[in-house]
Amino acid sequence: MPALPEFLRVVRVTASGLSSRLGFSIDDVDDLRLALDELCFTLIGKGTEDAKLRLRYEVSDELLTILGTTPAPEGGNEEARLADFSRQILTALVDEHRVWFDEDGKHFSLTKQRAVPKS
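Residues numbered from 1 in each chain as written. Predicted model: local features only at pLDDT ≥ 70, side-chain atom pairs only at ≥ 80, totals over all residues. Heavy atoms only, no water.

Asker: What is the right way to look at a nonpolar patch on the surface in this model?
Answerer: A surface patch of nonpolar side chains, amounting to about 220 Å² of accessible area, comprises Met1, Phe7 and Val10. Considering the arrangement of structural elements, one finds Val10 in helix H1 (residues 8–21). In this structure Val10 comes out as partly exposed when scored by relative accessible area, which is 44%. (Patch = residues over 30% accessible without salt bridge, like charges linked within 9 Å, V, L, I, M, F, W, Y side chains within 5 Å. Areas by Shrake-Rupley, 256 points an atom, 1.4 Å probe, with all protein chains shown as cover. Salt bridge = Lys/Arg side-chain N within 4 Å of Asp/Glu carboxyl O. Helix = DSSP H or I, 4+ residues; strand = E, 2+ residues; numbered from the N terminus. Buried < 20%, exposed > 50% of the residue type's maximum accessible area, 1.4 Å probe, protein only.)

Asker: Got a minute to help me understand the packing of H1 against helix H2 (residues 26–44) in this structure?
Answerer: A pair of packed helices is captured by two measures, namely the crossing angle of their axes and the spacing between those axes. In the contact formed by H1 and H2, the axes pass within 9 Å of each other and the chain directions differ by 145°. Considering the relative orientation of H1 and H2, their crossing is right-handed. Residues Leu8, Val11, Arg12, Ala15, Ser16, Ser19 and Ser20 of H1 form the contact with H2, whose own contacting residues are Val29, Leu32, Arg33, Leu36, Asp37, Cys40 and Ile44. Within the contact of H1 with H2, the residues separate by chemical class into eight nonpolar, three polar and three charged. (Axes fitted to C-alpha atoms, helices over the stretch in contact; angles between N-to-C directions. Left-handed = near helix turned anticlockwise from the far one by under 90°. Contact = heavy atoms within 4.5 Å. Nonpolar A, V, L, I, M, F, W, Y, C, P; charged D, E, K, R; others polar.)

Asker: Help me out: how do you make sense of the pattern of salt bridges in this one?
Answerer: Opposite charge on two side chains permits them to pair, given that their charged atoms come into close proximity. What the rule picks out here adds up to six salt bridges. Across the pair Arg56 and Glu58 runs a salt bridge whose closest N-O atoms are separated by 2.8 Å. Taking relative accessible area as the criterion, Glu58 reaches 33% and is therefore assigned partly exposed. A salt bridge links Asp84 to Arg87; the nearest nitrogen and oxygen atoms lie 3.0 Å apart. One end of the pair, Asp84, and the other, Arg87, are both in helix H3 (residues 84–93), three residues apart, so they sit about a helical turn from each other. The class for Asp84 is exposed, based on a relative accessible area of 57%.

Asker: Is there a simple way to explain the nonpolar core in this structure?
Answerer: Soluble, globular proteins show a tendency: their nonpolar side chains are buried together. Residues Leu36, Leu39, Cys40, Leu53, Ile66, Phe108 and Leu110 are the most contacted members of the largest nonpolar core, which totals 25 residues. Of all the secondary structure elements, the ones that give two or more residues to this core are H1, H2, strand E2 (63–71), H3 and strand E4 (105–113). Take this core: its biggest share by element is eight residues, from H2. For Leu39, the residues in contact, after removing those within four places along its chain, are Leu82, Leu90, His97, Val99, Phe108, Ser109 and Leu110. (Core = buried A, V, L, I, M, F, W, Y, C linked by side-chain atoms within 4.5 Å.)

What follows is the structure, encoded as structure tokens:
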């Protein structure tokens with residue numbers, strides 16, 4: 001999809017639908033949406049018309065993992081970095097998260113585990 005903030009709604013809706021089908025609580029679905037927004041914005045910023053954001057959703061019985069990638073800017077060596085406040089928010093919202101930069105572009109991963117109801 002285009003790496004523009006106005007397209008992040010599609011990302012959030014997809015994550016919400018998948019996590020709801022996995023039995024995530026409403027609070028966990030909201031946490032996932034917020035975390036995904038934060039990570040996508042870290043990668044794309046204000047975005048550009050020609051850049052693309054690729055996402056892969058990996059689903060298992062109790063986990064949802066989302067991987068995001070956007071190509072490295074032409075001639076650029078811009079790193080994807082999380083602000084300290086963003087890192088604190090993400091740590092509170094998801095089970096695992098990571099942001100990194102390499103020759104292929106900027107990347108993130110996040111994992112949210114479904115809470116298992118107590119018997």
